[in-house]
Amino acid sequence: GRSLLMSQFVGAAIRMFNLVVKWAMAKYAYRNRHKCLTQHELLESLRGPSFELDHRYGEHLNVIYVSMLLSGGIPLSYLAAAFWFTTSYWCDKFELLTLSRRPVTYGAGLSDMAIKRLPYAAIVHVIFSLWAFSLFGVPRSKLVTAPFASLINRICRGMAVVWENASNISAEQAAERLLAANSLHLLVLLIIFVGLLFFNIIRSNLYQGVRWMLSMVGVIADDEDDEVTGVPEFPIAVRTQLLVGESSYAIQAQPQYTAAFTRMEDAVGDVLVQVSNASVAGRSSSLCLAASTDWHMCCNTHAVTPLGQQMQDLLITRSMHWMGPLNTDVTL
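Just so it is clear, the structure is predicted and the values come from calculations on it, not from any experiment. (Residues numbered from 1 in each chain as written. Predicted model: local features only at pLDDT ≥ 70, side-chain atom pairs only at ≥ 80, totals over all residues. Heavy atoms only, no water.)

Here's the deal with the overall build of the protein chain
When you go through the protein chain residue by residue, the secondary structure sums to 13 helices and zero strands. Order of helices (α) and strands (β) in the protein chain, N terminus to C terminus: α-α-α-α-α-α-α-α-α-α-α-α-α. Taking contacts inside the protein chain between residues at least 6 apart in sequence as the whole, the part at least 24 apart equals 69%. As displayed, the protein chain has an accessible area near 23000 Å², and 64% of this comes from carbon and sulfur atoms. (Helix = DSSP H or I, 4+ residues; strand = E, 2+ residues; numbered from the N terminus. Contact = heavy atoms within 4.5 Å. Areas by Shrake-Rupley, 256 points an atom, 1.4 Å probe, with all protein chains shown as cover.)

So this is what it looks like as structure tokens:
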């Protein structure tokens with residue numbers, strides 16, 4: 001148990017060291033962002049490391065199981081677990097709030113999985129404590145009845161291979177150790193825990209099976225996974241089209257920016273069509289020819305003709321539609 005206990009302290013120290021390394025690498029990348037050759041390299045230099053929550057759940061469950069396994073015989077494992085979770089809390093808080101990029105959206109599956117695994121850690125704790133506190137040579141407890149002792153003897157005989165390979169003892173010796181006065185209470189506690197866990201598993205599966213059967217025949221609606229607040233999870237909202245938006249990040253594909261990317265040739269062509277239509281309605285053909293060949297719309301004199309004034313107004317209007325208000329102090 002000493003090596004397992006030391007591994008928890010060393011793991012917490014390595015976590016803090018890795019955080020310092022990540023911070024130094026992020027600062028170095030940000031300071032040398034001017035050396036980036038591509039847009040992707042520049043974006044990566046401005047983004048921090050990824051924050052992976054699923055890996056942390058695995059690490060925390062590992063610490064919980066190891067601590068619960070050893071704590072019955074090695075109480076120092078409680079201190080090691082407390083040190084691990086304290087350093088993890090502050091390191092993850094600093095990394096998430098000041099260093100890492102925005103994490104992906106997680107559902108409730110990870111937390112539900114961890115909650116369902118925790119009861120097994122209690123069983124592991126009781127099993128190890130039972131074997132650690134029981135001793136050979138202690139007389140059998142006076143509370144042990146004959147049927148109960150016979151049941152424990154049959155169970156131990158069924159596990160004879162385990163006793164021979166683990167402790168090199170016989171099944172009868174293992175049964176007498178479990179039924180001793182200093183370990184009977186832990187044995188009863190283990191039986192209660194295993195019974196409650198087995199009952200909970202049967203109840204949960206039976207409940208799910210009954211709900212599934214009733215939903216198949218249409219008696220009830222299977223809405224057990226619906227959120228209480230009525231807000232679905234992010235992947236469900238995207239998949240069911242509850243969360244919709246633009247199909248592309250390209251600015252050219254956005255309809256509100258269509259006018260900003262209109263070709264100048266097409267816009268001028270529209271103006272010339274309007275001028276030509278006006279000439280058909282009775283305007284001077286010579287002025288129309290001047291309007292189509294000379295963009296300044298100047299006559300022999302430098303005065304602005306009525307047709308030139310119309311051309312000027314149309315061009316200013318189109319320019320304001322393309323790029324916003326422009327300086328209209330021009331002379332055509």
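Overview of the nonpolar core
Ranked by size, the top nonpolar core spans 19 residues in total, and within it Leu130, Ile152, Cys156, Trp163, Leu179 and Leu187 carry the most contacts. Elements supplying a minimum of two residues to this core: helix H5 (109-133), helix H6 (146-158), helix H8 (171-178) and helix H9 (184-216). Apart from residues lying up to four places away in sequence, Cys156 is in contact with Trp163, Ala171, Ala174, Ala175 and Leu178. (Core = buried A, V, L, I, M, F, W, Y, C linked by side-chain atoms within 4.5 Å. Buried < 20%, exposed > 50% of the residue type's maximum accessible area, 1.4 Å probe, protein only.)

Thoughts on the side chain of Arg56
Structurally, the position occupied by Arg56 is in helix H3 (residues 53-70). You can call Arg56 buried: its relative accessible area is 10%.

Some details on the pattern of salt bridges
Evaluation of the coordinates by the stated rule reveals eight salt bridges. The residue Arg47 makes a salt bridge to Glu44 at a minimum N-O spacing of 3.6 Å. Here Glu176 makes a salt bridge to Arg140, at a shortest N to O gap of 2.4 Å. Of the two residues, Glu176 is situated in helix H8 and Arg140 in the loop between H5 and H6; the sequence distance between them amounts to 36 residues. Owing to a relative accessible area of 37%, Glu176 belongs among the partly exposed residues under this scheme. If you follow the salt bridges from partner to partner, you end up with Arg15, Lys22, Arg56, Glu59, Asp92 and Glu95 in one network. (Salt bridge = Lys/Arg side-chain N within 4 Å of Asp/Glu carboxyl O.)

Let's talk about H9
Here H9 spans 48 Å end to end across 33 residues, near enough to the 48 Å set by a 1.5 Å rise per residue. By the burial criterion, the buried members of H9 are Leu184, Leu186, Leu187, Leu190, Leu197 and Arg211. Looking at the buried positions of H9, the neighbouring elements they touch are H5, H6 and H8. In the stretch just after H9, Gly218 is the one whose phi turns positive, near 85°. (Expected span 1.5 Å × (residues − 1).)

Details of the packing of aromatic side chains
Think of a pair of aromatic rings as described by two things: how far the centres are apart, and how the planes are tilted against each other in angle. Evaluation of the coordinates by the stated rule reveals three aromatic pairs. Judged by centre distance (5.0 Å) and plane angle (80°), the ring pair of Tyr89 and Trp90 falls under edge-to-face. On the basis of relative accessible area, Tyr89 is assigned to the partly exposed category, the value being 47%. Under the relative-accessibility criterion, Trp90 is labelled exposed at 53%. With a centroid separation of 5.4 Å and an interplanar angle of 20°, the aromatic rings of Trp131 and Trp163 are classed as stacked. Taken together, the residues span a long stretch of sequence, with Trp131 in helix H5 and Trp163 in helix H7 (residues 160-166) at a distance of 32 residues. You can call Trp163 buried: its relative accessible area is 11%. (Phe/Tyr/Trp six-rings, centres within 6.5 Å; stacked < 30°, edge-to-face > 60°.)

Thoughts on H6
With 13 residues, H6 extends 19 Å from end C-alpha to end C-alpha; this agrees with the ideal 18 Å at 1.5 Å per step. Among the structural elements, H7, H8 and H9 are those in contact with the buried residues of H6.

Quick word on the packing of H3 against H5
Contact geometry of H3 with H5 gives a least axis separation of 8 Å together with a crossing angle of 15°. By the angle between their directions, the pair H3 and H5 is classed as roughly parallel. H3 and H5 meet at a crossing whose hand is right-handed. Mapping the contact onto sequence places Asp54, Tyr57, Leu61, Ile64, Tyr65, Met68, Leu69 and Leu70 in H3 and Leu110, Ser111, Met113, Ala114, Arg117, Leu118, Tyr120, Ala121, Ala122, Val124, His125 and Phe128 in H5. (Axes fitted to C-alpha atoms, helices over the stretch in contact; angles between N-to-C directions. Parallel < 35°, antiparallel > 145°, perpendicular 65-115°, else oblique. Left-handed = near helix turned anticlockwise from the far one by under 90°.)

Some words on the side chain of Ser88
In this fold, Ser88 is placed in helix H4 (residues 76-99). With near-sequence residues (within four places) excluded, Ser88 lies in contact with Arg15 and His60.

Comments concerning the layout of surface pockets
In this structure, the second largest pocket occupies an estimated 400 Å³ of space. Forming the walls of the second largest pocket are 21 residues, and the residues nearest its centre are Gly11, Arg15, Asn18, Glu59 and Trp84. When residues of the lining of the second largest pocket are traced back to their parent elements, those giving at least two are helix H1 (2-31), H3 and H4. The greatest single-element share of the lining of the second largest pocket, amounting to nine residues, is contributed by H1. Residues that form the lining of the second largest pocket fall into these classes: seven nonpolar, seven polar and seven charged. (1 Å grid on protein atoms, 1.4 Å probe; cavity = no way out; pocket = protein on both sides within 12 Å on 5 of 7 lines; lining within 4 Å. Points joined across faces, edges and corners; volume = space filled by probe spheres on them. Nonpolar A, V, L, I, M, F, W, Y, C, P; charged D, E, K, R; others polar.)

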